[in-house]
Amino acid sequence: MSGNDRPVGQPTQTPNATADPAGDAVLDSAFLRACRREPVPHTPVWFMRQAGRSLPEYRKVREGVGMLDSCMRPDLVAEITLQPVRRHKVDAAIYFSDIVVPLKAIGVDVDIKPGVGPVVEKPVRSRADLERLRTLEPEDVAYVTEAIGILTRELGGTPLIGFAGAPFTLASYLVEGGPSKNHEHTKAMMYGEPELWADLVDRLADITAGFLKVQIEAGASAVQLFDSWVGALAPEDYRRRVLPGSAKVFEAVAPYGVPRIHFGVGTGELLSLMGEAGADVVGADWRVPVDEAARRVGPGKAIQGNLDPAVLFAPREAVEQQAGRILRAADGLEGHIFNLGHGVLPDTDPQALTDLVSYVHEHTS
């Protein structure tokens, strides 16, 4: 048994689980057991951005297909989501999508430009701009329901993680009009027009919750909320201007009973607040040791992480040394899910990921 084998309560029966063997296997999987802080046969492993540019099979199926277009084709979404499960034998799949997909679905003129990222044609800078953001309806993302139907049949006992961008990061893209290093426009609205900012975050919380509900109702066994840019904020700004929106998302999906994961980049000073937002699992990036992350988050939460993605470019022995250090730090935690401290880098050798999964499984069994 690995170190995260202290029993805590009984399994939560998710509404999308059935009495069939695959449904039982998903509920009893190492990944969901770790999320629930229950005994596990081995430390479960999955990687953020495990489906994507590091895989040659991904590049092949994406040839000539734009990023957002690929997110709206159920057959392609299913194939891309399954690729790392087949290759790496990870303990969970994560639904292949992009954080701006729900914005595109409600009519925001956004595109993902190669080498740049999401670009919004008309940024949100005023009350009138905010009113353009309507509620997300299930039919807006019917392709998500179809893709997850395919995936749950193909994955068998492997859990599927649903995925969405957190309100702060979505708001930042909308206000800045694209990626930003300093978030000038975002912070100007936060401080200069606090009511408009609060209404924008609240509207995006509803949209995000709607997007996650579609995924859960279609069969996702857990969900992760990515707050990629929130590390740009001081704790007090997070508490006052971000926490209410993230908490609203987690509260909205709580009745489904599926584990909820929260992850942000550069959030070492925010971990305790992120724990307060309502997630069952909090992800830590590589800047904070996993045991210290658990201390900051507080009891009653599982921890996910947190190998530096750049370590995977080192020789296998060095990768295993660093992974072993994390596993030792996680020994004794109530629940630990091994992951990277951010997404897989595009030029990562896929074999390094496969070897890492094998190492973690073998050394925690």
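To keep things clear, this report deals only with the structure shown in the data block. Quick caveat, the model's predicted, so the values are computed rather than measured. (Residues numbered from 1 in each chain as written. Predicted model: local features only at pLDDT ≥ 70, side-chain atom pairs only at ≥ 80, totals over all residues. Heavy atoms only, no water.)

Focus on the packing of helix H11 (residues 194–218) against helix H13 (residues 243–253)
Helices that pack against each other are described as a pair by the angle of their axes relative to one another and the distance between those axes. H13 packs onto H11 with a crossing angle of 30° between their chain directions and a minimal axis gap of 9 Å. Comparing the axis directions of H11 and H13 gives the class roughly parallel. The two elements H11 and H13 cross, and the hand of that crossing is right-handed. Residues Val201, Asp202, Ala205, Asp206, Thr208, Ala209, Leu212, Lys213 and Ile216 of H11 form the contact with H13, whose own contacting residues are Gly245, Lys248, Val249, Ala252 and Val253. Counted by class, the contact of H11 with H13 contains eight nonpolar, two polar and four charged residues. (Axes fitted to C-alpha atoms, helices over the stretch in contact; angles between N-to-C directions. Helix = DSSP H or I, 4+ residues; strand = E, 2+ residues; numbered from the N terminus. Parallel < 35°, antiparallel > 145°, perpendicular 65-115°, else oblique. Left-handed = near helix turned anticlockwise from the far one by under 90°. Contact = heavy atoms within 4.5 Å. Nonpolar A, V, L, I, M, F, W, Y, C, P; charged D, E, K, R; others polar.)

Description of the packing of helix H9 (residues 167–176) against helix H10 (residues 184–192)
Relative to each other, H9 and H10 sit at 110°, their axes nearing to 8 Å. Judged by the angle between their axes, H9 and H10 are roughly perpendicular. The residues of H10 that touch H9, namely those facing Phe168, Ser172, Val175 and Glu176, are Glu184, His185, Thr186, Met189 and Met190. Split into classes, the residues belonging to the contact of H9 with H10 amount to four nonpolar, three polar and two charged.

Here's the deal with unusual backbone geometry
Here the amide bond leading from Gly305 into Asn306 is cis, since omega sits at -5°, within 30 degrees of zero. Non-glycine residue Arg49 carries a positive phi angle of around 60°. Counting through the fold element by element, Arg49 comes out in the loop between helix H2 (30–35) and helix H3 (56–61). Owing to a relative accessible area of 49%, Arg49 belongs among the partly exposed residues under this scheme. We note that His183 has phi near 60°; this positive angle belongs to a residue other than glycine. (Buried < 20%, exposed > 50% of the residue type's maximum accessible area, 1.4 Å probe, protein only.)

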